[in-house]
Amino acid sequence: METSVQQLNRFFQACDKLMSEKYMVADARIEEVLRSIAECRALTDLFSAVVERFDYPYAKKKYLRFPASGASFHGKAFLPEDRGEVIAFVFCLLVDIDAGRIKFDDFLLRYFYEDGSYTASFALFSDRMLRPFRDIVKECFPDVSRPVRDEDAVQKARIKSASWEKFTALAIEERAWLKTLSLSTVDAIAGDMMLSELIQAAGKNNLSSINALLSGYRYFLRALFLDGGRELIKASRELE
């Protein structure tokens, strides 16, 4: 089952597709936008609220202006100043277009005429009506785009956490390996102390301490001609 955030994002993606794809598929994309609204409780609540007291017949007369006969073949379309009314007005227009009560071809050439081209007229309609509509709805849900970024952040955090866990496990293994060697008491204590400190630093995600301790541990290994620490040092680079 989709979450509310996923449903909202599907609506915004449908709006983007409607505006970016060709005029020839606009009917299908409008249907997709309306369907994404119907399937999202947060959106149906929003649109129900803005449409409830909205006088759509009056708004059509006010914002879809056609000049007196003979003055021009083309009219102009405007948006209400109130942001809630913008949502209601464009939504009602899309519903009428989808239901066939407004012939989309005629509507575009009448109110968004651009070189007699449906494609150019549709682009103008998208820019002047669909884009503000989408943007205002998006402002009603300020956190809607954040979860996508948060998902990325969560994924990165998981990867980072796994890197720290891997490093800690390798440090524990390195400590156990060092104890199997026949070292002098002084060397055994020194090596064990450094690895113990490394494990503690890893538990605190203290990269600067880890780098300092690894530097000393590498010198310790070279001084005793010990072939160890490779995987540990390699894993430390994944922490940066």
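Data block above holds the structure.
First, a word on scope: everything that follows refers to the structure included in this document. Model, not experiment: these values are computed from the prediction. Each chain carries its own residue numbering, running from 1 in the written order of its sequence. With the structure being a predicted model, the display of local features is reserved for residues of pLDDT at least 70 and the display and counting of side-chain atom pairs for 80 or more, all residues being used for whole-chain, interface and lining totals. Excluded from the side-chain calculation are hydrogens and water; included are all heavy atoms of the structure.

1. Some remarks on the overall build of the protein
Phase 1 of the analysis: Runs of E in the DSSP output that reach at least two residues are strands. Runs of H or I that reach at least four are helices, and both are numbered from the N terminus. Of the regular secondary structure elements, the protein holds eleven helices and two strands.
Phase 2 of the analysis: Reading the protein from its N end, one meets helices and strands in the order α-α-α-α-β-β-α-α-α-α-α-α-α.
Phase 3 of the analysis: Its C-alpha atoms give the protein a radius of gyration of 32 Å, clearly above 18 Å, the size a compact globule of 240 residues would have.
Phase 4 of the analysis: Taking the principal axes of the C-alpha coordinates as reference, the protein spans close to 105 × 35 × 30 Å.
Phase 5 of the analysis: Residues classed as buried in the protein amount to 37% of the 240 residues present.
Phase 6 of the analysis: In what follows, a contact means two residues having at least one pair of non-hydrogen atoms within 4.5 Å. Long-range contacts, defined as pairs at least 24 residues apart, comprise 65% of the intrachain contacts of the protein with a sequence gap of at least 6.
Phase 7 of the analysis: Shrake-Rupley sampling with a 1.4 Å probe provides the accessible areas, and residues are treated as covered by the protein chains on show and by no other component. Element-wise, carbon and sulfur atoms account for 52% of the exposed surface of the protein, whose accessible area totals about 14400 Å².
Phase 8 of the analysis: When charges are counted, Lys and Arg are positive and Asp and Glu negative, with His and the chain ends excluded. Each charge is placed at NZ for Lys, CZ for Arg, CG for Asp and CD for Glu. Side chains of the protein give 34 positive and 36 negative charges; the mean places of these two sets differ by 2 Å. Throughout, the radius of gyration refers to the C-alpha atoms, and the reference size of a globule is 2.2 Å times the residue count to the power 0.38. A simple rule labels every residue: compare its accessible area, found with a 1.4 Å probe on the protein chains alone, to the largest value its type can have, and call it buried under 20%, exposed over 50%, or partly exposed in between.

2. So, the packing of helix H9 (residues 185-203) against helix H10 (residues 207-223)
Phase 1 of the analysis: One can describe the packing of H9 onto H10 by two numbers: an axis separation of 9 Å at closest approach and a directional angle of 160 degrees. When the interaxial angle is binned, H9 and H10 end up roughly antiparallel. Crossing hand, H9 versus H10: left-handed. In this structure, H9 uses Asp187, Ala190, Gly191, Met194, Leu195, Glu197, Leu198, Ala201 and Ala202 to contact H10, whose residues at the interface are Ser209, Ile210, Leu213, Leu214, Gly216, Tyr217 and Phe220.
Phase 2 of the analysis: The residue classification treats Ala, Val, Leu, Ile, Met, Phe, Trp, Tyr, Cys and Pro as nonpolar and Asp, Glu, Lys and Arg as charged. All others, Gly included, are polar. Along the lines of polarity and charge, the residues of the contact of H9 with H10 split into eleven nonpolar, three polar and two charged. Each axis is a line fitted through C-alpha atoms, and for a helix only the stretch in contact is used; angles between axes span 0 to 180 degrees, taken between their N-to-C directions. Here the angle decides the label: under 35 degrees means roughly parallel, over 145 means roughly antiparallel, 65 to 115 means roughly perpendicular, and every other value means oblique. The crossing is said to be left-handed when, going from far helix to near helix, the turn is anticlockwise and less than a right angle, and right-handed when the turn is clockwise.

3. Section: a positive patch on the surface
Phase 1 of the analysis: Patches draw on residues past 30% relative accessible area with no salt bridge. Two like charges within 9 Å are joined, as are two nonpolar side chains (Val, Leu, Ile, Met, Phe, Trp, Tyr) within 5 Å. Any Lys or Arg side-chain nitrogen located within 4 Å of an Asp or Glu carboxyl oxygen qualifies as a salt bridge. Taken together, the side chains of Arg218, Arg222, Lys234 and Arg237 make up a positively charged region of the molecular surface.
Phase 2 of the analysis: For the positive patch, the secondary-structure elements that each account for two or more residues are H10 and helix H11 (230-237).
Phase 3 of the analysis: Relative to the helices and strands, arginine 237 resides in helix H11.
Phase 4 of the analysis: When its relative accessible area of 55% is taken as the criterion, arginine 237 is described as exposed.

4. Considerations on helix H4 (residues 56-63)
Phase 1 of the analysis: Residues of H4 that are buried: Tyr56, Ala59 and Tyr63. Considered in projection along H4, the buried side chains sweep an arc of 55 degrees and stay on one side of the axis. Exposed side chains of H4 directed beyond 90 degrees from the buried face belong to Pro57 and Lys61.
Phase 2 of the analysis: Looking at the packing, one finds that the buried side of H4 touches strand E1 (64-65), strand E2 (76-77) and helix H5 (83-99).
Phase 3 of the analysis: Capping the start of H4 is the job of one residue whose side-chain oxygen sits 3.2 Å from the backbone nitrogen of tyrosine 58: aspartate 55. What the arc covers is the set of directions going from the helix axis to the C-beta atoms. As used in this structure description, the phrase polar contact means that two N or O atoms lie within 3.5 Å; if the pair is within protein, one of them must be able to donate a hydrogen and the other to accept it, and residues adjacent in sequence are counted only when both atoms belong to side chains.

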